[in-house]
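# Summary of structural features
Below, each chain spelled out in residue letters.
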Amino acid sequence: MAQYIARRLLMIIPTLIAISLITFVIMHATPGSPLQPTAPNANPLPPAAQQALARRFGLDKPLWQQYLVYLKNIWNLDFGISYQYRTREVKDIIYRTFPISLHLGAMAMAVAILVGIPLGVLAAVNQNGPIDYVCSLFATLGVSLPNFILALFLIVLFVRLVPIIPRTGGWSSPIDWVLPTLALSLGPVGILARYTRASMVEVMRQDFIRTAQAKGLSDVQVVLRHVLKNGLIPPITILGPMFAAIGTGSPFVEKIFRVPGMGRFFVDSLITRDYPMIMAVILLYGAFLAVMNLLVDVLYGVVDPRIRLS
Amino acid sequence: MATTGAGLTGRAERADALIWATRPHRTLWRDAFDRLIANRLAMVGGILIIVISLLAILAPVISPYDYAQPDYAAISQFPTWTGKHPLGTDLVGRDMLTRMLWGAQVSMAVGLGAQIIVFLIGVPIGALSGYMGGRIDSLLMRLVDVMYAFPQLLFVILIMSALGRGFQNVFIAIGVTGWVTLARLTRAEFLSLRERDYVVAARAAGAGPWRLITKHMLPNALSPIIVALTFGIPQAIFTEAALSFIGIGIPEPRPSWGKMAGEYQEYITSYWYMSIFPSIAIAVVMLAFTFFGDGLRDALDPRTRRST
């Protein structure tokens, strides 16, 4: 087991190098540079100042050298200085904003698990009954509505029509957490409910379930002890990528609710071509996704002893 | 093949042929179509798609105003449902109804257009990978794996920020990131089809790779590909809306639903309609395609029906 985990962790490195290379090439192969602002009212820099800036940020070297220097730096966890906020290191920005995104993501994830899985179970148990239809409608809505659309609907509903939440925006008190969490979690709730229902239905057709019923277990017992145990494996496999997707913050939800998380900085950095920031966020995301997938694979082996990791 | 001469067997054969001729000719596609028609939710989705497509195509004809023309006498007018500006006007007095209609054009064009690119990239790569196997397969699949390690929306955003805002660029960005799933699916189909008896027979009869792929394998892999493409449409519409929402999608002055929702989301507590109307439109079009896609999948492959 330890060996398996170690090997998988090592495998993450080439993946990250590939991601960083692709990102680096795309970012640099395109016209426009942070030193040549194309905005109509941008301040034209004298050539000497441009050269000085290029030297300072290492942009005067050939591309492959820039890339190698970059690789060396991130090995030391040095992501460089943000082009956008010239006095701040990318590391600092991420250090301050990532926990907020993670906090929001974790809350949304908790809601998704606590609502989505029971919803799927209820739907599977009451197959083709009214609860099933309500669940599947809910799941379809959750899957197909973009979270930024949902966020706008939630604001109109809970701030304007039924004023339960006094305001939108900010991140200072728990009341500010409610709407962003709801907006971010409905999609995952829908996906989890769908997965759980499908896999529960599949398990309920198995012979051992009939055996459990035949030996006189109550319906609740059958579901809790036999169906659930086997039916939860597929939903668990999507928890990892799901958490990686929402744990790093949604730029959209963070923008709408003015949450000071990483997603918002990411969008700003894209518009201003803040290379160090873009690269750092994408690498962080790739690493996060890879670790989450590993975690799921390990968890998979724990939940289902039939699966042996090798 | 028996000879069709005189005698009992010959007559029986002719009778068989007659029965075959009078029986309505049914194909796989015809059956699927019937099943699709019978699915009420899918039909609702289909009708919505047709209506929205018509509105999109007719936008230049039926729009009451020019989409970029501000009416300074009517700035930020709330919807009146009738009269000059039934859905109100935006912050600079542009007619909301007009902009909604033109927005439909962008969404539908991106949704369908991006799928053409996805098809043109994904199917050949998947087919080549599945048909050739060996080194080409593992090379292509390595590429697919790297693409998978990237979160798709992040990749699209990255490409858009590299290409810059633009109508074609949105197609390109969605196309070059969206093919991965389709390539995987096509490869899996081809891997299993390659070993089927009729393919082996066709190869034994001397069919070349091109003929094998286009005449024997692709037609049989088509239904999952169509389903995947159908589900790709709402995905592309969503991606365009998301890009435009954060301001790196469709450039000015063209209206897009995502852009309208993004531009006016700050005013949601006062001028709610400016962002809510486009939001509703995005929600409706996404749901319509999802319902239709679900129905299509059930119709094309009855074995994978969800509600069993």
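It should be emphasised that the depicted structure is a prediction, and the values quoted were computed from it without experimental measurement.

Summing up its helical and strand segments, chain B has eleven helices and zero strands in all. A buried classification covers 48% of the 308 residues belonging to chain B. Considering only intrachain contacts with a sequence separation of at least 6, the fraction spanning at least 24 residues in chain B is 69%. Here chain B has roughly 15000 Å² of accessible surface; of this, 66% comes from carbon and sulfur atoms.

Core analysis: the biggest nonpolar cluster contains 141 residues, and A:Phe148, A:Phe257 and B:Trp257 have the highest contact counts within it. Per-element accounting of this core gives the leading share, 14 residues, to helix H4 (residues 90-125) of chain A. If you look at the next biggest cluster of nonpolar residues, it comprises 16 residues, including B:Val123, B:Leu212, B:Ile213 and B:Met217.

This brings us to the UniProt feature "transmembrane region" (unreviewed entry) in chain B. Residue and element names in this part refer to chain B. Under the present numbering, the feature "transmembrane region" (unreviewed entry) in UniProt falls on residues 41-62, 106-131, 225-250 and 270-296. Annotation note: span residues 41-62, helix share 100%, strand share 0%, distance between end C-alpha atoms 29 Å. From the first C-alpha to the last, residues 225-250 spans 28 Å; its make-up is 81% helix and 0% strand.

Residue and element names in this part refer to chain A. Applying the stated criterion across every chain yields a total of one cavity of 30 Å³ or more. If you add up the space inside the largest cavity, you get close to 30 Å³. Taken together, Ile165, Arg167, Thr168, Gly169, Ile175, Asp176, Leu179, Pro180 and Phe257 make up the full set of residues lining the largest cavity. Taken together, the residues that form the lining of the largest cavity break down as five nonpolar, two polar and two charged.

What counts and how
- For every chain, the first residue of the written sequence is number 1, and numbering continues from 1 onward in sequence order.
- As a convention, the first chain written is A and the first ligand written is 1, with the rest following in written order.
- In keeping with the model being predicted, local features are shown solely for residues with a pLDDT of at least 70 and side-chain atom pairs are shown and tallied solely at 80 or more, while totals for entire chains, interfaces and linings include all residues.
- Side-chain metrics rest on all non-hydrogen atoms present in the structure, leaving aside hydrogens and water.
- Numbering goes from the N terminus for both helices and strands, where a helix is a DSSP run of H or I of at least four residues and a strand is a run of E of at least two.
- Partly exposed residues are those whose accessible area sits between 20% and 50% of the maximum for their type, while under 20% is buried and over 50% is exposed, using a 1.4 Å probe and protein chains only.
- Contacts: residue pairs with any heavy atoms within 4.5 Å of one another.
- In short, Shrake-Rupley with a 1.4 Å probe defines the accessible areas, and a residue's cover is counted only from the protein chains shown.
- What makes a nonpolar core is a set of buried Ala, Val, Leu, Ile, Met, Phe, Trp, Tyr and Cys residues whose side-chain atoms join them at distances within 4.5 Å.
- UniProt positions are given in the numbering used here, feature names are shortened, and annotations may be inferred rather than shown by experiment.
- Using a 1 Å grid laid over the protein atoms alone, points where a 1.4 Å probe fits but cannot get out form a cavity; open sets with protein on both sides within 12 Å along at least 5 of 7 lines form a pocket; any residue with an atom within 4 Å of a point counts as lining.
- Grid points are joined across faces, edges and corners, and a volume is the space filled by probe spheres set on the points.
- For this classification, Asp, Glu, Lys and Arg are treated as charged, while Ala, Val, Leu, Ile, Met, Phe, Trp, Tyr, Cys and Pro are nonpolar and the rest, including Gly, are polar.

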